[in-house]
Amino acid sequence: MEEIKLFAPATIANVSCGFDVLGLCLDTVGDEMTIRKTTTKGVTISKIIGQPLPLDPAKNVAGVAALALLKQLDINTGFDIQIIKNIKPGSGIGSSAASAAGAVFGINKLLGTPFSIHELIEFAMEGEKLASGTAHADNVAPALLGGFTLVRSYDPLDIIKINTPKELYATVIHPQIEIKTSDARSVLKQKISLKETVIQLGNLGGLISGLYTEDYDLISRSLHDEIVEPYRSILIPEFDTVREVAKKVGALGTGISGSGPSVFALSKGKEIAKTVGEAMSKVYQNTTIDFDVHVSKINSTGVKII
Ligand code: HSE
């Protein structure tokens, strides 16, 4: 194989109570990437359509992830990457993770899969480090594995794929203001109390249990973030109203998608997820803020060849 075309999906990190450890993969929004073998060693990025991102591989998340992978191999082949960037950077739905995950997945396939998916996660995390200053895995893991993923440990890296309830749908609204992940991380408290820890642990355990047992009421009760949302929600216009209307029309729960400004809701069934999207949209229609809305089932496969 000389060339590969991929769909690199958007993701929701944190999923309320799982800061830096929990993530899920979306199905209806993602980038398209074409990766070609070249005869010159190294990585080039010849085209990015849709967003003004750097073509220099050392300054681009896809390039950095690809270079991290190639560093492990002694080969003379190189790779050229082209990206149709549908996910806006700074939107909170894993824009950098999609590019990084797509790059390492595609190169690995073109090389006859020398690396496991779990090894690819480590390379893709290098891209996240460039984008946000922290090599977090809660976007790249679901982008590569699909479904819900849990980072049980960062050192050593231990990532587990969690069951996805069949009727679970995500709604994401993206109010078009940009929040950089690095800025959204700088507003967080570095120390949390024992009381906050107990609340967060209870909810994370409850959510994981609810996902495995497909207990939608338990999922609903567990979608609460005690430690991050109180600080980040201040950065998102209309956050409380969006939450309120989504719950009112039947969402199981809501939260900040990744580091924001996108807000997500989880619902049982596509119809409720669509109604939630309409209700959330109405909130921003009454403001001067532009927005995008996505309704998606949970993507169980992650990056895929198209
Ligand atoms: N867990 C990361 C954060 C995700 O919340 O900062 C960033 O997309």
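Residues numbered from 1 in each chain as written. Predicted model: local features only at pLDDT ≥ 70, side-chain atom pairs only at ≥ 80, totals over all residues. Heavy atoms only, no water.

### Some words on the site of the ligand
Argument step 1. Residues in close proximity to the ligand include Ala13, Asn14, Phe19, Asp20, His136, Asp138, Asn139, Thr181, Arg185, Arg232, Gly258 and Ser259, which together make up its full environment.
Argument step 2. A distance of 2.7 Å separates an oxygen atom of the ligand from a polar atom in the side chain of Arg185.
Argument step 3. Contact distances for the ligand include 2.7 Å between an oxygen atom and a side-chain N or O atom of Arg232.
Argument step 4. Coverage of the ligand by the protein chains reaches 97% of its 260 Å² of free accessible surface.
Argument step 5. Grouping the amino acids of the shell around the ligand by side-chain chemistry returns two nonpolar, six polar and four charged.
Argument step 6. Here the shell around the ligand spans two domains, since at least three of its residues come from each of domain 1 (3-162) and domain 2 (168-297). (Near = heavy atom within 4 Å. Polar contact = N/O pair within 3.5 Å; in protein donor to acceptor, adjacent residues only side chain to side chain. Areas by Shrake-Rupley, 256 points an atom, 1.4 Å probe, with all protein chains shown as cover. Nonpolar A, V, L, I, M, F, W, Y, C, P; charged D, E, K, R; others polar. Domains from an automatic or database assignment.)

### Section: the domain arrangement of the protein
Argument step 1. For the protein, the assigned domains are domain 1 (3-162) and domain 2 (168-297).
Argument step 2. Using only C-alpha atoms to locate each centre, domain 1 and domain 2 end up separated by 24 Å.
Argument step 3. Opposite the 32 residues of domain 1 that make contact, domain 2 presents 40 residues.
Argument step 4. Regarding the contact of domain 1 and domain 2, the summed buried area is about 2,600 Å², with carbon and sulfur atoms giving 63% of it.
Argument step 5. Area buried by domain 1 at its contact with domain 2 is led by Ser16, Cys17 and Phe19, which between them contribute 24% of it.
Argument step 6. At the surface where domain 1 touches domain 2, the tally comes to three salt bridges. (Contact = heavy atoms within 4.5 Å. Buried area = accessible area lost by both parts, 1.4 Å probe. Salt bridge = Lys/Arg side-chain N within 4 Å of Asp/Glu carboxyl O.)

### With respect to the packing of aromatic side chains
Argument step 1. This structure, assessed with the given rule, holds two aromatic pairs.
Argument step 2. Seen in terms of ring centroids, Phe115 and Phe123 are 5.0 Å apart; in terms of plane orientation they differ by 80 degrees. Their pairing is edge-to-face. Taken individually, Phe115 and Phe123 each receive the classification buried, so the pair is uniform in this respect.
Argument step 3. Note on Tyr284 and Phe291: the rings are 6.2 Å apart at their centroids and 35 degrees apart in plane angle, and the pair reads as tilted. (Phe/Tyr/Trp six-rings, centres within 6.5 Å; stacked < 30°, edge-to-face > 60°. Buried < 20%, exposed > 50% of the residue type's maximum accessible area, 1.4 Å probe, protein only.)

### Describing the nonpolar core
Argument step 1. The biggest cluster of nonpolar side chains holds 69 residues, and the ones touching the most others in it are Val15, Leu26, Ile81, Ile121, Leu144, Phe148 and Leu266.
Argument step 2. Top element by residues in this core is helix α2 (residues 95-110). It accounts for nine residues.
Argument step 3. Among the domains, domain 1 (3-162) and domain 2 (168-297) are the pair contributing at least three residues each to this core.
Argument step 4. Discounting residues that sit within four places of it in the chain, Leu266 has contacts with Val15, Leu24, Phe148, Leu168, Tyr169, Ala170, Leu223, Ala251, Leu252 and Gly253.
Argument step 5. Counting 16 residues, the second largest nonpolar core, distinct from the first, contains Ala184, Ile236, Met280 and Tyr284. (Core = buried A, V, L, I, M, F, W, Y, C linked by side-chain atoms within 4.5 Å. Helix = DSSP H or I, 4+ residues; strand = E, 2+ residues; numbered from the N terminus.)

### Some details on helix α10 (residues 270-285)
Argument step 1. When the terminal C-alpha atoms of α10 are compared, their 22 Å separation across 16 residues agrees well with the 22 Å that a helix rising 1.5 Å per residue should span.
Argument step 2. Buried within α10 are the following residues: Ala273, Val276, Gly277, Ala279, Met280, Ser281, Val283 and Tyr284.
Argument step 3. In the core, the buried residues of α10 are packed alongside β7 (168-175), α9 (239-248), β8 (253-256), β9 (263-268) and β10 (291-297). (Expected span 1.5 Å × (residues − 1).)

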